[in-house]
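# A structural walkthrough
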Amino acid sequence: MKARATWSRTLGCLTLLIAGALGGVARADNLADEAELEFEIGAERYRVGDFRSALEHFLASNRLVPNRNVVFNVARAYEQLNQNADAYRYFNQALEGESDPAARARIDAAIARIVPHIAVLRVASDPPGAIVYLTRRDLGSRGNAPVALGLAPGAYHVLADLPGYEPAEAVTGELAAGSSSEVVLHLKQDLGKVRVEGTPAGASVRIDDEEGPAACTLPCALDLPPGRHAVFASAPAYRTAVVTASVTADGAAQVRVDLSPVTATLLVASEIDGALIAVDGRPSGFTPAALTLPLGVHVVRVTRAGYRSFEQRVDVTPDGRARVDADLSPLEEVTAVSRVTESVADAPSSVSIIGPQELRAMAYPTIAEALRGVRGVYVGNDTSYEAVGFRGFSQLGDYGDHVLVLIDGQPANDDYVGSSYVGYDGRADIEDVQRIEVVRGPGSALYGTGAFFGVINLVTRDRGAPTHGEVSVSTASDSVGHARATAQVRLGPEAGGWVSVAGAHGVGADYFFPEYASDAATAGNARGVDGFETGTVNGRVWYRALTLQWLFTSRKKTLPSGEFETLFADPRTHFVDTRGLVELRFEPTVSSSVQLLSRAHANLYDFGDLLAYGDADGGPAAEAFHGRWAGIERRAVFTPTPAIRLTAGGEVQRHFEAKQTGNRLGGSYLDRDDPFSVVSGYFVGDVSGPSWLKVSAGSRLDYHSNFGSSFNPRVAVILRPYASGNVKLLGGTAFRAPSVYELYYAGPTQIPGGALDPEHVASGEVEFTHTFSSAWIATAAAYMNRVDDLIVLGGSGTVQDPNRYVNSANSIATLGAEIEARREWRNGWMAAATYAFQHSRYLDDAASGGGPPPLRNVPNSPNHLASIKAAAPIAGPLLTAMTRLSFEGPRYDKFDRSADPPQGQTASAVIWDVVLSGETERYRLRYSLGLYNAMDYRYTVPVSREFLQRSIVQSGRTLLLNTQLSF
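One structure accompanies this document, and this report is about it. (Residues numbered from 1 in each chain as written. Predicted model: local features only at pLDDT ≥ 70, side-chain atom pairs only at ≥ 80, totals over all residues. Heavy atoms only, no water.)

Within the protein chain one finds 11 helices and 58 strands. For a compact globule of 967 residues, the expected C-alpha radius of gyration is about 30 Å, and the protein chain comes in at 41 Å, more than 25% above that figure. Seen along its three principal axes, the alpha-carbon backbone of the protein chain occupies a region of about 135 × 80 × 50 Å. A buried classification covers 51% of the 967 residues belonging to the protein chain. Pairs at least 24 residues apart make up 60% of the contacts formed inside the protein chain by residues separated by at least 6 positions. Once the 87 positive and 107 negative side-chain charges of the protein chain are each reduced to a mean point, those two points are 4 Å apart. (Helix = DSSP H or I, 4+ residues; strand = E, 2+ residues; numbered from the N terminus. Rg over C-alpha atoms; globule rule 2.2 N^0.38 Å. Buried < 20%, exposed > 50% of the residue type's maximum accessible area, 1.4 Å probe, protein only. Contact = heavy atoms within 4.5 Å. Lys, Arg positive; Asp, Glu negative; His and termini not counted. Charge placed at Lys NZ, Arg CZ, Asp CG, Glu CD.)

With 14 residues, helix H3 (residues 51–64) should cover 20 Å at 1.5 Å per step; its first-to-last C-alpha distance of 20 Å lies within 8% of that length. Restricting attention to buried positions, one finds in H3 the residues Phe 51, Ser 53, Ala 54, Leu 55, His 57, Phe 58, Ala 60, Ser 61 and Asn 62. (Expected span 1.5 Å × (residues − 1).)

This structure, assessed with the given rule, holds 23 aromatic pairs. Ring plane angle 85° and centroid distance 5.5 Å describe the contact between Tyr 416 and Tyr 741, whose orientation is recorded as edge-to-face. Taken together, the residues span a long stretch of sequence, with Tyr 416 in the loop between strand E27 (410–411) and strand E28 (433–440) and Tyr 741 in helix H10 (residues 740–744) at a distance of 325 residues. In this pair, the class of Tyr 416 matches that of Tyr 741, namely buried. (Phe/Tyr/Trp six-rings, centres within 6.5 Å; stacked < 30°, edge-to-face > 60°.)

The bond known as a disulfide is covalent and runs between the sulfur atoms of two cysteines. Scanning the entire structure with this criterion turns up one disulfide. Each sulfur of the disulfide joining Cys 216 and Cys 220 lies 1.9 Å from the other. We classify Cys 220 as buried; its relative accessible area is 9%. (Disulfide = S-S within 2.5 Å.)

Another point: unusual backbone geometry. Between Thr 199 and the following residue, Pro 200, the backbone shows a cis peptide bond with an omega angle of -5°. Note that Pro 200 resides in the loop between strand E7 (192–199) and strand E8 (204–207). Unlike most non-glycine residues, Arg 924 shows phi in positive territory, near 55°. With respect to the helices and strands, Arg 924 occurs in the loop between strand E54 (909–920) and strand E55 (925–932). Classification of Arg 924 by relative accessible area gives partly exposed; the value is 38%. Even without being glycine, Asn 933 reaches a positive phi, approximately 50°.

Pairing within the open sheet is mixed, and its five strands lie in the order E23-E28-E29-E26-E27. With one partner strand each, in any of the chains shown, strand E23 (350–354) and E27 form the two edges of the open sheet. Bridge count between E28 and strand E29 (residues 454–460): seven bridges; the pairing is antiparallel. Bridge pairing in E29 places Val 433 opposite Thr 460. (Pairing = 2+ DSSP bridges.)

Together, Asp 208, Asp 209, Glu 210 and Glu 211 make up a negatively charged patch on the protein surface. By secondary structure assignment, the location of Glu 210 is in the loop between E8 and strand E9 (216–217). (Patch = residues over 30% accessible without salt bridge, like charges linked within 9 Å, V, L, I, M, F, W, Y side chains within 5 Å. Areas by Shrake-Rupley, 256 points an atom, 1.4 Å probe, with all protein chains shown as cover. Salt bridge = Lys/Arg side-chain N within 4 Å of Asp/Glu carboxyl O.)

This part is about the sheet that holds strand E18 (residues 296–303). Strand order in the open sheet formed by four strands is E16-E15-E18-E19, and the pairing between neighbours is antiparallel. Each edge of the open sheet is held by one strand with a lone partner, namely strand E16 (282–286) and strand E19 (310–316). Mean inter-strand twist for the sheet, computed between neighbouring axes without regard to direction, equals 30°. Inspection of the sheet shows strand E15 (residues 276–279) paired to E18 by four bridges, in the antiparallel sense. Looking at E18, one finds that Ile 277 is bridged to Val 302. (Axes fitted to C-alpha atoms, helices over the stretch in contact; angles between N-to-C directions.)

Quick look at the structure:
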């Protein structure tokens, strides 16, 4: 009966503990069910007397979901197994943190039952907190001192460890059951020696507390605990100094603390952050900086790559703060002219740079917007593509195929029609572009086809930027919404990378075209049919001389204007352009006089359209082009002396897919693939004679398997008649290869061009630059271009007289003159004014010999271009205002043939843009708010013969809003 009563009390106690345990393990996670199941099994095994199995399940339940009540049951199971030492330990764990008096009493009673059967050893340490072990450390710790241990009778070896202290140990005598003993372990602190040296001798040294008692005087040796310690040194008439000493146990460290004499502060500021400051020839920091210098006269020199150095003598006195405002004028550099970095003044071409300050201040959304206002450059948008013209030439419908666009030196034009993409078709934004190099004049001597009138090089993010991320959102022209995310990682001075993802969506503009006013369905209105979507992924990684860059961008554009005689304002009509490139570049510097370049690139260009035609015209047409090509290039730059630089290289390209297709409801009307190859070699020599003379000459031979070869030289003589003057005498030729489209496209009313010769241009120019000061510069230029073998669309576009591309018998000559005055960026201020006169006309030599009749005026060639740009700080970096006022003269429309309707002109255009921008260094936020075409000037530009319209109106007033957060 007594055993049964004891068993009943045990079951009752367990029943109460089961309820508490179940409530404790009911947790909202996936472990709760498993812990509850383990506990129920343990309770069941306990009730039938299988205490070892019960113990296993109780321990498993507690591991899954720790619970004080379960710990109590673990202790009871140990007690039933007569493992009293373990039972004592777990009863004490259950007691920790228990606030219920009844529960505490129950646990105390259980402990009281066990104590007579064990020896209690209380272990303390000096200092407290040591980790306690019994017998061996590999058996695991018994807790942190002070701790009470329940042990089986016997003698024990007690060990204690504490970081920063030597281990301690003790051996107990025989511990009897029911006894209580205590052992205290005294740990000796580890110390290391520190030797403190410095000047002046006798300076007081304090450790970790600048206001504490002096530990010694210089020089001296100290015993200190392991770790990092601040060592303060002070002396009268000197400034207190502090260094950090890293002390290891039983180790010996040495630090030196040199006190500087009483000094004054020198503030060094510059508009350019991060410039290196050297005082008396020794690097001392980066701008902006407050430097502590000894009293007296010092020479301060401020330098940064890309800027002219600044030097000033300054007297530092104790009665105030001296200040130096370093006026760093840009040492404008360009890489696109000679494929090596050189100053703009030494480059053998006419060059303009759109720098990072202007790109940030105006928040240009596209390359085309950034180019508007550049000397001799103009742009236009026919609702399909934006195109750029150089110096009086932008052939209607060529979409910039006479200008080569580079991305860090890699050509980005397509291989279908050779177009340069300068709008949202080229990239979703230009936030990743650090500067834009605009090179006027023929560039085929280095780049081959496409570099006809100029080269635009997009220089992307600086390798020296620190690791950071960026996110931005913006709105721009014609209700364009835009978002971007960028990550840049710097892994050291010679390794890093960045990647950027951007997307944009444009609702587009609404148009009224009088030419379609008789259209019954629309009355000439094209509404909601001008939208686009675009996305871009680009980036670069580098390690020393190895660089990998990539770009993938795609745009779908709805065409609102009824071009190609499609159904007017039909939302089905659209273009899709996709461009991708990958370039791997290796540019080792072999020696001080030899630099090599090897690069391999792979490219794709896909074009697709849907042209909505009525049933009477054969129904909708779908055309596509798929271009795939790859190439390798090797180049060597040899500089035997500072005055001589020789560049030689060669390139091979294989366009292994150039496939065109065209389909209508009636079947296929175009299906052909015309792969081709390009092989080229080039050589350029640059020789600097006296300080006032430099001569550059070079040439390139290109062979295209689909037409033949073209040889193009260039020569430049650069004179410096006086210290502030620079004269460039420039001459050269360039070519544009007939495109796949021009050679092979065929449609219902067009036949292939057949044998076409490349277009050629010959150019001569003189440019004079005078530098008034480090900030003010003026430039004047005069030039002449002659274009021969221009490829134009012949025929009348009928079945009887189908269209066909031919080489025009009429040449085009352009005479032009340009002037520019510029005040470079200084402390947030800048100003620039340009004017360009350019007159292009047809040369009717062919007509005098019985050829085609004379042509009229050259279309899309404004005689006058002008611009004014200015920027001013309003509240330092927090707010800057910048404005741009551009003027474009009238342009003749497409009707340049004698059989055409009378040729007309567009009106002049005056476009005013104003932007407020700024950034907060604390929150790393950059923002812009502005208006493009703030006067809502409704100007037009001519369009090609694919349009019924003579001209198309350009964007009116547009709100610009941009925010960018860096982190």
